[in-house]
Amino acid sequence: MLRILVVVSEQDRVRWEERYRDRPTPAVSTIGLPARFAAFEGEFPTRGRALDIACGQGMVSVWLARRGLEVWGFDISPTAIHQARELATRAGVGERCRFDVVDLDEGLPNGPSSGVIVCHKFRNSRLDEAIIERLAPGGLLAISALSVVGAESGPFRVGPGELTVAFTGLDVITAGEGDGEAWLLARKRP
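The notes below deal with the structure included here. Worth saying up front: this structure is predicted, and the values here are computed from it rather than measured.

Considerations on the nonpolar core
Thought 1: Core analysis: the largest hydrophobic core is formed by 27 residues, its most contacted members being Phe44 and Leu64.
Thought 2: At the level of elements, helix 3 (59-67), helix 4 (78-90), strand 3 (97-101), strand 4 (114-120), strand 5 (135-146) and strand 7 (181-187) are the ones that each hand at least two residues to this core.
Thought 3: In terms of residues, this core owes the most to one element, helix 3, which gives five residues.
Thought 4: The residues contacting Phe44, other than those within four sequence positions of it, are Leu33, Trp63, Leu64, Arg67, Val116, Val118, Leu140, Ala142 and Leu185.
Thought 5: Counting residues in each nonpolar core, the second largest holds 23 residues, with Trp72, Leu104, Leu141 and Ala182 among its members.

Next comes the structure, spelled out in structure tokens:
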């Protein structure tokens, strides 16, 4: 079983490396929250710690750092992590951002609790408990994933209601599904 996880991780790493190698480092003007959460910008704090799980090129991480948070972003792609570091430096928040290559099949890396956890268009249900544990009391979770609702089935798509069930212990601010995406913005009870 462990051998299969290693093979899957290597396939993921290669696939994401190829994808990011063909993309330029984003412009500072492109940083921001995913569209599903943009209307709730005021819910995001302006200080504390944040995790950006599967951060890609770091656009959300850099946005959070510009708000005043200390951000740790991780992704399986070394190229994406390199681009995220470049973006943070160009945006003037390199000192507030840490980016590391992490294989999430091995779980979340150890670290302190966070007031914000963002996980955009990535889903691994084996991380649910660790995400809830890592979220500080009163902390905010912003998670989105590809969904079967309004789209064809696929190996990386969540089922109807999956996010709200997985994070049922949190107080929901907004949640929804449609057009092939599911999302949840919720706060951990103090």
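Let us keep going from here.
Description of the side chain of Gln83
Thought 1: Positionally, Gln83 belongs in helix 4.
Thought 2: On the basis of relative accessibility, which here comes to 5%, the residue Gln83 falls in the buried class.
Thought 3: Sequence-distant contacts of Gln83, that is, excluding residues within four places in its chain, are made with Tyr20, Arg23, Pro24, Thr25 and Gln57.

Describing the pattern of salt bridges
Thought 1: Counted according to the given criterion, the structure contains nine salt bridges.
Thought 2: With its nearest N and O atoms 3.8 Å apart, the salt bridge here joins Glu41 to Arg67. With Glu41 in the loop between helix 2 (35-38) and strand 1 (49-53) and Arg67 in helix 3, this pair connects stretches of sequence that are 26 residues apart.
Thought 3: The class of Glu41 is partly exposed, set by a relative accessible area of 39%.
Thought 4: Of the residues examined, Arg67 reaches a relative accessible area of 21% and is grouped as partly exposed.
Thought 5: The closest approach of N and O atoms between Arg85 and Asp100, which form a salt bridge, is 4.0 Å. Linking Arg85 in helix 4 with Asp100 in strand 3, this pair joins segments that are 15 residues apart in sequence.
Thought 6: It is possible to trace a salt-bridge network through shared partners that takes in Arg85, Arg98 and Asp100.

Conventions we followed
- Each chain carries its own residue numbering, running from 1 in the written order of its sequence.
- In keeping with the model being predicted, local features are shown solely for residues with a pLDDT of at least 70 and side-chain atom pairs are shown and tallied solely at 80 or more, while totals for entire chains, interfaces and linings include all residues.
- Water and hydrogen atoms play no part in the side-chain values, which are based on all heavy atoms of the structure.
- By nonpolar core is meant a set of buried Ala, Val, Leu, Ile, Met, Phe, Trp, Tyr and Cys residues that side-chain atoms within 4.5 Å join together.
- Burial status follows relative accessibility: with a 1.4 Å probe on protein chains alone, a residue under 20% of its type maximum counts as buried, one over 50% as exposed, and anything between as partly exposed.
- Starting at the N terminus, helices and strands are each numbered in turn, a helix being any DSSP run of H or I of at least four residues and a strand any DSSP run of E of at least two.
- Note on contacts: a residue pair qualifies if any of its non-hydrogen atoms lie within 4.5 Å across the two residues.
- Throughout this description, the term salt bridge denotes a Lys or Arg side-chain nitrogen within 4 Å of a carboxyl oxygen of Asp or Glu.

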